[in-house]
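Observations on the model geometry
The lines below spell out each chain.
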Amino acid sequence: MDLDKTIRLADIVPESVVDGKGIRMTVFAQGCRRACKGCHNPETWDVHGGKEYPLSFVTALAEKNPLLDGLTFSGGEPFLQADAFATLGEWCHAKGLNVWCYSGYTLEALKEEAKGSEAFGRLLAQIDVLVDGAFIEEQKDMTLWFRGSRNQR
């Protein structure tokens, strides 16, 4: 497992209870092509924004908290950096942590992409809970657990 790989991130929230069940570390990918109207994180859209980190930086931060249940990959769009996020997911599972992932793409679209992308397939294999689908402002619902709009699953 190559933890020297780099990953471009918008932010890391060391402890969160709103990005999945349990105590989580949320890793916000930098870069998204969807540009959903009303997006909660428009600052993550620029693929050249944020900052590059070695995966070892992210894993070292996670190891500092023995109470973590898992990591959440959010964004931006984690699948734009599928290889790095797949490696991070593999590390999580090796450490007994679970993986949640938010993607603007549906599971069906991701599975189709995985047919031509080994990295997509590797990342999909590491995800324990996927929240999929574009954010649709007209379907925004603040009563939903771990989702922003009713179309998301």
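Here the structure is a predicted model, which means the values were calculated and not measured. (Residues numbered from 1 in each chain as written. Predicted model: local features only at pLDDT ≥ 70, side-chain atom pairs only at ≥ 80, totals over all residues. Heavy atoms only, no water.)

1. Examining the overall build of the chain
Our working definition: Helix and strand assignments follow DSSP, with helices taken as H or I runs no shorter than four residues and strands as E runs no shorter than two, numbered in order from the N terminus. As a reference, a globule follows 2.2 Å times the number of residues to the power 0.38, and the radius of gyration itself is taken over C-alpha atoms. Buried residues are those whose accessible area, probed at 1.4 Å on protein chains only, stays under 20% of the maximum for their type, while exposed residues exceed 50% and partly exposed ones sit between those limits.
Across its full length, the chain carries four helices and six strands. Reading the chain from its N end, one meets helices and strands in the order β-β-β-α-β-α-β-α-α-β. Here the C-alpha radius of gyration of the chain, 14 Å, is about what a compact globule of 153 residues would show, namely 15 Å. The principal-axis extent of the C-alpha atoms belonging to the chain is close to 40 × 35 × 25 Å. Relative to its 153 residues, the chain shows a buried fraction of 46%.

2. Quick notes on the side chain of S103
The condition is simple: Here a polar contact is recorded for every N or O atom pair within 3.5 Å, except that within protein the pair must consist of a potential hydrogen donor and a potential acceptor, and residues adjacent in sequence are included only if both atoms are side-chain atoms. Residue contacts are defined here by distance: any two heavy atoms, one from each residue, within 4.5 Å place the two residues in contact.
Structurally, S103 is set in strand β5 (residues 98-103). A distance of 2.9 Å separates polar atoms of two side chains, one belonging to S103 and the other to E77. What S103 contacts, discounting residues up to four positions off in sequence, is E77, F79, L110, L130, V131, D132 and G133.

3. Quick word on the sheet that holds strand β1 (residues 6-16)
Stated precisely, the cut-off is as follows: Pairs of strands are assigned from DSSP output, requiring at least two bridges between the strands. Angles shown run from 0 to 180 degrees and are taken between the N-to-C directions of axes, each axis being a line fitted to C-alpha atoms and, for helices, limited to the stretch in contact.
Ordered in space as β3-β1-β2-β4-β5-β6, the six strands form an open sheet in which the pairing is mixed. The strands lining the two open edges of the sheet, one partner per strand, are β3 (51-54) and β6 (129-132). Ignoring strand direction, the axes of neighbouring strands in this sheet form an average angle of 30°. Relative to β3, β1 runs antiparallel, the two sharing four bridges. Among the inter-strand pairings, T6 is bridged to a residue of β3, identified as P54. With respect to the sheet, helix α2 (residues 82-94) is in contact with β1, β2 (24-29), β4 (70-74) and β5, its orientation differing from that of β4 by roughly 165°.

4. Some thoughts on the packing of aromatic side chains
What counts here: Here a pair means two rings of Phe, Tyr or Trp (six-membered ring of Trp) with centres within 6.5 Å. Their orientation is stacked below 30 degrees between planes, edge-to-face above 60, and tilted elsewhere. Ring-over charges, as used throughout, are those where CZ of Arg or NZ of Lys falls within 6 Å of the ring centre and within 35 degrees of the ring normal.
Taken as a whole, this structure holds three aromatic pairs when the rule is applied. Arranged with centres 4.8 Å apart and planes meeting at 55°, the rings of F73 and F85 form a pair that is tilted. With F73 in strand β4 and F85 in helix α2, this residue pair connects regions lying twelve residues apart in the sequence. Measuring from ring centre to ring centre gives 5.1 Å for F79 and F120, while their planes differ by 55°; the resulting arrangement is tilted. Remark: F120 occurs in helix α4 (residues 118-126) and F79 occurs in the loop between β4 and α2; sequence separation between them is 41 residues. With respect to class, F79 is no different from F120; both count as buried. The ring of Y105 carries the charged tip of R34 above its face, separated from the ring centre by 4.7 Å.

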